[in-house]
Amino acid sequence: MTDPYKVLGVSPQASDEEIKKAYRALVKKYHPDNYVDNPLADLADEKMKEINEAYDTITRMRASGGTYTGGGNDTYSSGYSGGSGASSGYARIRDLLNQNRISEAEILLDREPDKNSAEWHFLTGVVYMRKGWLQQAREHLTLACQLDPSNAEYRNMLDMFSNTARSSPYNTADTGGCTGCDICTGLICADLMCSCCR
Amino acid sequence: MFGYIKPRASELLVKENEFYKAVYCGICRIGGKRVSRFTRLLLNNDFVFLCLVRMAVCGDKACAETRRCPYSLKKKCMLCENESALYTSAAFGILLYYKALDDVADDRGFARIAAKFRALFARSMFKRASALCPGLAEDVKERLSSLAGLEKSRVPSPDLVSDSFATVTALAASYGTEGEERDILWECGYHIGRYIYLIDAFEDVLRDEKKGNFNVLAEYYGSPDAVIGAAGDIGQTLRDSIHAFCRAYERSGGSVYDKLVYNIAQLGSADCFAAAVNKLKGTDK
C-alpha cells in the first residue's frame, strides 16, 4: 500500500490537526460532485477512496500508539518503545535500514524523543537517501557532520552522496582536471611560441 | 516529459552519435507502427534516454540496420528496433494521454478546447499503448493523480512533489522487467524523473508566476527571484540526482552503451542546467 502520509501530502511529523486539514482539503477537491460529466470522474473517485483509506489508516495508527500493518512489503511493525533508551532505538533503526525496511525506520525515527542529535540526523538522512528524497537527505547528512565533525561514518556517507559512478569516463570532465587534450593543447601552444621566437 | 536529457554531441564519437540517432529513429518507427503516427511528431530525447538505459540494463544488442524513413522517403536512416523501443513508445503514448487530460482539467477558455482536441487524438494512442503494457496505465494514472493533488494543494516540498513524477518515470523505465534488472531500472527511472521535474520547475519559474501556476521551487524558496538566487543549491540537488542515477546504472555491470549513457547523464544534464540558468538570468535582467 502507498504511504498514507504521501497520499495526504503531509509529513509523518504533521500534527493531527494538520492531517485533518489536509484530508478535508483533498476531500473537497476530489468530491464526486465536482466531477459530474467530467472525463476525470473515475480518476477522482479512485482518488477519493485512496484519500479515505489513507486517513483511516493514519487515524487508526495514531490511536493505537503507532501499531499499523499495511499490505504487501510495507509492514510497520509494533513492539518498539521510544522511551526505552535512545541508543537501543537507533540500533533497531540501523537494523531496519540494513534490511531495507525504510518505512518502519522512518516511523521509529519520528518517535525518537531527541531529534537534534547527530545520530538522528544521520539516520534520517540515510532514510531520505534511500527514498530518493535527495534534498532533505543532503540537509540532514550535512547537519549530522556539523554536529559531530569527528565521525568518519557521517563524513563518508556525505562524500559518497557526491560521488558518481566510478566507471564513468566523464568523472573529471567538469572538475577542471588536466586531460590528454589539455596536454596536447599546451604542447601545441609551446611549439607555436617557439616558432614565433625564431 | 520535456526533453531535458540530451547528449553533448561534441564529446561523442561519430558512431556513438549515429547510434543515438538510430535509437531515436527506432522508437519513432516502431511507435509509429504499433502505437500512433503522432509518436514521430511528439517524441523527445528523455524517452530516447530511457530506452537506451533499458537496452543497457537488459543487455539488448547494439544492432542497427539501414532502412528508408517512413516519414521522409528520400531519407535512409539507421534504425534500432527492439523490445525496449516498443515499451518506450508505449509508455510515451500513455504519458502523453494523461498529460492531455491534465491540460483539459487545468486550462480555461480556448486553451481548454485545444487540450480537449489533443486528448481526443491521444486517446487512440493511449488505447493501443495500454494494450501493449497492461497495468502500466493504471499505475501511471494513480501517481499522476497524486501529483495533481499535491500541486493543487501547493505543497512546498520539492522532494515530496517530485516523488510522484519520479515514480511515474520509474514505472515506465522498469515495466516488464524483474529482479535485479527491475531494481536498477526503477532506481534509474526515479532519479531521472526527479531531475526532469525539478529542472522543468526551475526553468519555468518566471512563466509559472506570470500564469499563476504552481511551481514547487517558488513555493519552497518563497519567490521566483529567490529561486534564481538559489541556483547553486538547485544545481547541487540536480547533480545529486544525476550522481544517484549513475551509481544505480553502474550496478548493471557495464555495456557498450556506457559512454553514451554517462555522456547524456553527466554532460548533457550539466549543459541543460547551464542553459536554464542563462535563460533565467537573461530574462531576469
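In the block above lies the structure referred to throughout.
Keep in mind that what you see is a predicted model, and the values were worked out from it rather than measured.

Peer 1: Would you mind showing me how to read the overall build of chain B here?
Peer 2: When its secondary structure is counted, chain B shows 13 helices and two strands. By the compact-globule yardstick of 19 Å for 285 residues, chain B fits well, its C-alpha radius of gyration being 19 Å. Seen through its C-alpha atoms, chain B measures out along the principal axes to roughly 50 × 40 × 40 Å. The buried share of chain B, reckoned over its 285 residues, is 58%. Carbon and sulfur atoms form 52% of the exposed surface of chain B, whose accessible area is close to 12200 Å². Where the 40 positive side-chain charges of chain B centre and where its 36 negative ones centre are 9 Å apart.

Peer 1: I tried to follow the state of the cysteines on my own but got confused; where do I start?
Peer 2: Note on terminology: disulfide describes a covalent bond linking the sulfur atoms of two cysteines. Inspection of the entire model under this criterion finds zero disulfides over all chains. The thiol of cysteine 58 of chain B is unpaired, and the distance to the nearest cysteine sulfur, on cysteine 51 of chain B, comes to 9.8 Å.

Peer 1: Looking at this model, I keep getting lost on the packing of aromatic side chains. Mind explaining?
Peer 2: Summed over all chains, the structure comprises 16 aromatic pairs over all chains. Pairing phenylalanine 47 of chain B with phenylalanine 92 of chain B gives two aromatic rings, centres 4.9 Å apart and planes at 75°, and the pair type is edge-to-face. With phenylalanine 47 of chain B in helix H3 (residues 45-58) and phenylalanine 92 of chain B in helix H4 (residues 83-106), the pair connects residues that are 45 residues apart, well separated along the chain. Taking relative accessible area as the criterion, phenylalanine 47 of chain B reaches 2% and is therefore assigned buried. Judged by centre distance (5.4 Å) and plane angle (50°), the ring pair of phenylalanine 49 of chain B and phenylalanine 245 of chain B falls under tilted. A residue pair is termed long-range when its members are at least 10 positions apart, and phenylalanine 49 of chain B in helix H3 and phenylalanine 245 of chain B in helix H12 (residues 231-250) qualify at 196 residues. Through a chain of ring-to-ring contacts, three or more aromatic side chains come together here, namely Phe49, Phe245, Tyr249 and Tyr262 of chain B. Residue placement shows lysine 131 of chain A over the ring face of tryptophan 133 of chain A; its charged tip is 3.9 Å from the ring centre.

Peer 1: Please clarify how the pattern of salt bridges should be interpreted in this entry.
Peer 2: Close approach of charged atoms lets side chains of opposite charge pair. Residues and elements named next belong to chain B. Taken as a whole and judged by the stated rule, the model has 18 salt bridges over all chains. Ionic pairing is found between glutamate 203 and lysine 279, a salt bridge with its closest N-O pair at 3.8 Å. Taken as a pair, glutamate 203 in helix H8 (residues 179-203) and lysine 279 in helix H13 (residues 258-284) lie far apart in primary sequence, 76 residues in all. A salt bridge links aspartate 204 to arginine 207; the nearest nitrogen and oxygen atoms lie 3.2 Å apart. Exposure remark for aspartate 204: the relative accessible area of 9% places this residue in the buried category. Residue classification places arginine 207 among the partly exposed positions, given a relative accessible area of 48%.

What counts, and where the lines are drawn
Residues numbered from 1 in each chain as written. Chains lettered and ligands numbered in written order. Predicted model: local features only at pLDDT ≥ 70, side-chain atom pairs only at ≥ 80, totals over all residues. Heavy atoms only, no water. Helix = DSSP H or I, 4+ residues; strand = E, 2+ residues; numbered from the N terminus. Rg over C-alpha atoms; globule rule 2.2 N^0.38 Å. Buried < 20%, exposed > 50% of the residue type's maximum accessible area, 1.4 Å probe, protein only. Areas by Shrake-Rupley, 256 points an atom, 1.4 Å probe, with all protein chains shown as cover. Lys, Arg positive; Asp, Glu negative; His and termini not counted. Charge placed at Lys NZ, Arg CZ, Asp CG, Glu CD. Disulfide = S-S within 2.5 Å. Phe/Tyr/Trp six-rings, centres within 6.5 Å; stacked < 30°, edge-to-face > 60°. Lys NZ or Arg CZ within 6 Å of the ring centre and 35° of its normal. Salt bridge = Lys/Arg side-chain N within 4 Å of Asp/Glu carboxyl O.

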